[in-house]
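Summary of the model geometry
This is what each chain is made of:
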Amino acid sequence: MVKKILNLLALSIFVTGIFMACGSATAPVKINQAPIVKSVADDELSYRNIPLGEEDAAPAKQYSDKDPGESIKIQRAFENAPPMIPHNIDDLLPIKRDDNQCLDCHHPNEAADAEAPATPASHFYNLRTNTKLDDLAGANFNCTQCHVPQSDAPQIIRNEFQPDYRNPESKTSSNLLDILNEGIDD
Ligand code: HEC
Ligand code: HEC
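This structure is a prediction, so every number in the text was calculated from the model and none was measured.

This paragraph deals with the site of ligand 1. In the vicinity of ligand 1 lie 25 residues, with Pro-68, Ser-71, Pro-83, Cys-102 and Cys-105 positioned nearest. The element best represented in the shell around ligand 1 is helix H3 (residues 101-106), accounting for five residues. Considering only residue class, the shell around ligand 1 consists of 13 nonpolar, eight polar and four charged.

In structure tokens form, the structure reads like this:
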């Protein structure tokens, strides 16, 4: 048995030796070749086939001119996607620490009177500490970071995405906090 192991050891040293010898014989050869430079003109990069810097050529676009209360909710891009803002927000910005007009209508305490959809439970929750908050989570204060108006600009590239809503209500309402842990074992 010991002899067999010794034989195997000798064989492996021999084989390694051959490999090392071959390795040094076929050292990589340096090729003096100029790098291939392929350039792309900036009007080839643009979807509209115009130079990228030319902002003036952007197609005319119009945001909603409907005031809050007059607009119609826009279907969510997918289940629990942040809804787009269907109404005009021209006079409501900028959002400042002491002046967040969105909350004047969307805060749950105001929503019923304003007949506006209330800011959902997920915005009053700290997901890091898993605790319900008495007031809006700081991370949700800057509404237009996630909610944006929709313009009527034409689609240059057609979006083929088809959302798959599990129930018809989720096209125009959210329930993220209720279903967040779906499929996760405790
Ligand atoms: C004067 C009250 C009012 C103010 C101020 C207001 N909203 Fe609204 N908002 C509404 C109403 C009412 C609706 C429902 C659509 C409608 O009737 O026009 C709505 C709809 C929305 C929706 C769509 C909700 C959904 O479920 O699809 C979002 C998002 C939204 N608003 C965000 C904002 C943001 C962000 C601001 C601040 C920049 C703001 N709103 C300011 C009243 C208001
Ligand atoms: C960090 C991103 C983010 C910010 C900031 C944010 N939201 Fe949302 N919002 C969402 C998402 C995602 C949803 C849909 C899923 C959910 O949370 O239930 C939502 C849903 C909503 C809805 C629909 C509620 C319903 O029942 O269908 C309203 C109204 C809303 N937000 C208002 C606001 C307002 C007002 C602010 C600012 C005070 C704000 N949001 C800030 C991400 C955000």
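So that's the structure; there's more coming.
With that settled, consider the confidence of the model for the chain. Confidence along the chain averages 85 in pLDDT terms, with 82% of residues attaining 70 or more. Of all helices and strands in the chain, the one with the weakest mean pLDDT is helix H1 (residues 2-25) (49), whereas H3 scores best (98). Throughout residues 14-24 the model reports pLDDT below 50, and contacts reaching past four residues in sequence, or to other chains, amount to zero contacts.

So, about the site of ligand 2. Around ligand 2 lies a shell of 24 residues, among which Ser-122, Cys-143, Cys-146, Ser-174 and Leu-176 are the nearest. No other element matches H3, which puts three residues into the shell around ligand 2. Residues that form the shell around ligand 2 fall into these classes: twelve nonpolar, twelve polar and no charged.

All right, on to the environment of Thr-172 then. Along the polypeptide, Thr-172 turns up in the loop between strand E2 (131-132) and helix H5 (176-179). For Thr-172, a count of 14 C-beta atoms within 10 Å translates into the label partly exposed. A sequence separation of 98 residues divides Thr-172 from Ile-74, and the C-alpha atoms of the two residues are 7.1 Å apart. The residues touching Thr-172, leaving out its near neighbours within four places in the chain, are Lys-73, Gln-75 and Arg-76.

With that settled, the discussion passes to the environment of Gly-53. If you trace the backbone, Gly-53 turns up in the loop between helix H2 (42-45) and H3. Of the residues examined, Gly-53 has 9 C-beta atoms within 10 Å and is grouped as exposed. Between the C-alpha atoms of Gly-53 and Asp-43, which are ten residues apart in sequence, the distance is 9.2 Å.

Cut-offs applied
- Residues numbered from 1 in each chain as written.
- Chains lettered and ligands numbered in written order.
- Predicted model: local features only at pLDDT ≥ 70, side-chain atom pairs only at ≥ 80, totals over all residues.
- Near = placed C-beta within 6 Å.
- Helix = DSSP H or I, 4+ residues; strand = E, 2+ residues; numbered from the N terminus.
- Nonpolar A, V, L, I, M, F, W, Y, C, P; charged D, E, K, R; others polar.
- pLDDT = per-residue confidence, 0-100.
- Contact = placed C-beta atoms within 7 Å.
- Buried ≥ 20, exposed ≤ 12 C-beta atoms within 10 Å, placed from the backbone.

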